[in-house]
Structure formats: C-alpha cells, structure tokens
Amino acid sequence: MRTALGTVAVLWGGVALYPIYRYLAPRPDTSDDETQVTSVEVCKLSELPKNSGKNFRFGSFPALLIHTEDDGLHAFKAVCTHLGCTVQYRGDIQRIFCACHGGQYDPTTGKNIAGPPPKPLDSLKVAVVNDQVVVSRA
Ligand code: FES
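The structure reproduced in this document is the subject of the present report. Because the structure is a prediction, the values reported are computed rather than measured.

Our focus in this paragraph is the sheet that holds strand β7 (residues 104-105). Reading across the sheet, the four strands line up as β5-β6-β7-β8 and stay open at both edges, with antiparallel pairing between neighbours. Of all strands in the sheet, those bounded by a partner on one side alone are β5 (88-90) and β8 (112-114). Pairing analysis gives three bridges linking β5 to strand β6 (residues 95-97), with the strands arranged antiparallel. In the strand pairing of β6, R90 is matched with R95.

On to the sheet that holds strand β3 (residues 61-67), then. With antiparallel pairing, the six strands of this open sheet are ordered in space as β1-β10-β9-β4-β3-β2. Two strands close off the open sheet at either side, each with one partner strand: β1 (39-44) and β2 (52-58). Here the strands of the sheet are splayed against their neighbours by 30° on average, with no regard to which way each runs. By the bridge criterion, seven bridges tie β2 to β3 in an arrangement that is antiparallel. In the sheet register, F56 faces β3, and the bridge partner there is A63.

So, about the nonpolar core. In terms of nonpolar packing, the biggest core is built from 20 residues, with A63, L64, V87 and V135 touching the most fellow members. At the level of secondary structure, the elements contributing two or more residues to this core comprise β3, β4 (73-77), β6 and β10 (132-137). With residues near it in sequence (within four places) discarded, V135 still touches S39, V40, V42, F58, A63, L65, A75, L124, K125 and V126.

Let us look at unusual backbone geometry. Positive phi outside glycine occurs at N51, with the angle close to 60°. A positive phi is found at D71, a non-glycine position, where the angle reads about 75°. Its location among the elements puts D71 in the loop between β3 and β4. Overall, D71 belongs to the exposed group, with 8 C-beta atoms counted inside 10 Å.

Cut-offs and rules
- Residues numbered from 1 in each chain as written.
- Predicted model: local features only at pLDDT ≥ 70, side-chain atom pairs only at ≥ 80, totals over all residues.
- Pairing = 2+ DSSP bridges.
- Helix = DSSP H or I, 4+ residues; strand = E, 2+ residues; numbered from the N terminus.
- Axes fitted to C-alpha atoms, helices over the stretch in contact; angles between N-to-C directions.
- Core = buried A, V, L, I, M, F, W, Y, C linked by C-beta atoms within 7 Å.
- Buried ≥ 20, exposed ≤ 12 C-beta atoms within 10 Å, placed from the backbone.
- Contact = placed C-beta atoms within 7 Å.

Here it is, written out as structure tokens:
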C-alpha cells in the first residue's frame, strides 16, 4: 500500500511540476527568422548623426546601431544581459542604457560598465556601402 501511494505521489508531482519546468527551462533558439537573417540595411549614414543610436530588428531580436561622437559605428544585439530588456543609446550620457534596472554599457565595445548586467552585449558587424549602413552577424 505504501509503495502504491509513493508511486502515485511521485507521478502526481511529476505531472504538476513538468509544466513549470518547461516554462522555466531555456529553449533552444530554433527561430527560422533568426537563423536566416545574416545582414540588415539599417539606414543611410547621413540619417544617423554623431552621438545618436537607432534601434532596429535583426531577424527575431532587437538590435542597436550607434554612431559615436568620434565618428565610429558600432552595433550590438539590443538585449540586456541582465533580464533581457531592450537597451537603447542615450546621447546625454553617451552610453547604452537599460531602463529596466539602470544597466549601462560602453557604446564602443558593448562592455557592461554599470548596474546589474553580468556580461557585455553581443556585438554585430557594421559596414557602410554607398552611404547605406549594413549590419551583419559578427
Ligand atoms: S534588464 Fe537591463 S538592467 Fe535589468
């Protein structure tokens, strides 16, 4: 009798906990959109003044293109490494900023420099072709 009750309890626990496990477990990234997109034409360079940024979609994820004060162009996956909020460039502090918990990143390297983010942003490649800014996978 005890064995039967124990078995039922284990099965019931498994049935009850499996949906919670599925919800919390990381999923493999199998999005066709993300695997197929290799580059995006974001804008004309003349449309992106120095010390400004532009958020855009790179397939299934948000991305960020930055034109720094020193005329550099940098692009990153715009997903905060803390809890996944979308980050933006703030010209007033010249940093990439996450409004969720105040995380900050260096706009030239994507390195996490303030707040809770535990690691740098993933970087993307930037090229300018006939005044068109093209961002592609690094
Ligand atoms: S999600 Fe960006 S700082 Fe928390």
